[in-house]
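Survey of secondary and tertiary structure
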Amino acid sequence: MRTLQKGFTLIELMIVVAIIGILAAVALPAYQDYTIRAKMSEVILAMSSCRTSITEVYQSGPTTAPSVNGWGCEILTASQMTKYVNAVTTDLNGGVKATVQGIGTVVDTKFVTLVPLSTATTTAAMTAATSQTLYGWRCGLAADGTTVSPKYLPGSCRG
């Protein structure tokens, strides 16, 4: 007489476990990069407030140019820090630099930069008593001082 098989054989179960293991090995690093990139968006958002105020200063043409960290949007004290942003500083021409914290060892203590542009490739220079229109902003370029790897930056901030 013939007996009917009930359930799965050992080899079938081993194949399923192997497939799940391969999928997990591929998905886990991609998920970790995705979570770092999502957290980095808070850093970019902190720099966005500076982008707005610096653009307004360029367009208004104040009689005196703002000094380093004098644009009114910086995060310099512990009471201003956020979970993922340690500091936001500005330079004489309105370049913004954010220091990352609390995300992961691959990006903590590294910098992201946001630089105003007067043309597609030229960095803007602040001149007192002169109204200027900015061409745009460049974000995340290593030449500007960004030390975070581009793979951890949101798509809108990759140079």
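Residues numbered from 1 in each chain as written. Predicted model: local features only at pLDDT ≥ 70, side-chain atom pairs only at ≥ 80, totals over all residues. Heavy atoms only, no water.

Taken together, the side chains of Leu10, Ile11, Met14, Ile15, Ile19 and Leu23 make up a nonpolar region of the molecular surface, amounting to roughly 640 Å² of accessible area. We classify Leu23 as exposed; its relative accessible area is 55%. (Patch = residues over 30% accessible without salt bridge, like charges linked within 9 Å, V, L, I, M, F, W, Y side chains within 5 Å. Areas by Shrake-Rupley, 256 points an atom, 1.4 Å probe, with all protein chains shown as cover. Salt bridge = Lys/Arg side-chain N within 4 Å of Asp/Glu carboxyl O. Buried < 20%, exposed > 50% of the residue type's maximum accessible area, 1.4 Å probe, protein only.)

Note that Pro150 resides in the segment after strand 4 (136–139). Here Pro150 falls in the partly exposed class, since its relative accessible area comes to 49%. Separated by 113 residues in sequence, Pro150 and Arg37 place their C-alpha atoms 9.6 Å apart. (Helix = DSSP H or I, 4+ residues; strand = E, 2+ residues; numbered from the N terminus.)

To continue, consider the pattern of salt bridges. Taken as a whole and judged by the stated rule, the model has 2 salt bridges. Between Asp33 and Lys151 there is a salt bridge, with its nearest N and O atoms 3.8 Å apart. Of the two residues, Asp33 sits in helix 1 (residues 10–60) while Lys151 sits in the segment after strand 4, which places them 118 residues apart along the sequence. Exposure remark for Lys151: the relative accessible area of 43% places this residue in the partly exposed category. A salt bridge links Arg138 to Asp144; the nearest nitrogen and oxygen atoms lie 2.7 Å apart. For Arg138, a relative accessible area of 13% puts it in the buried group. The class for Asp144 is partly exposed, based on a relative accessible area of 25%.

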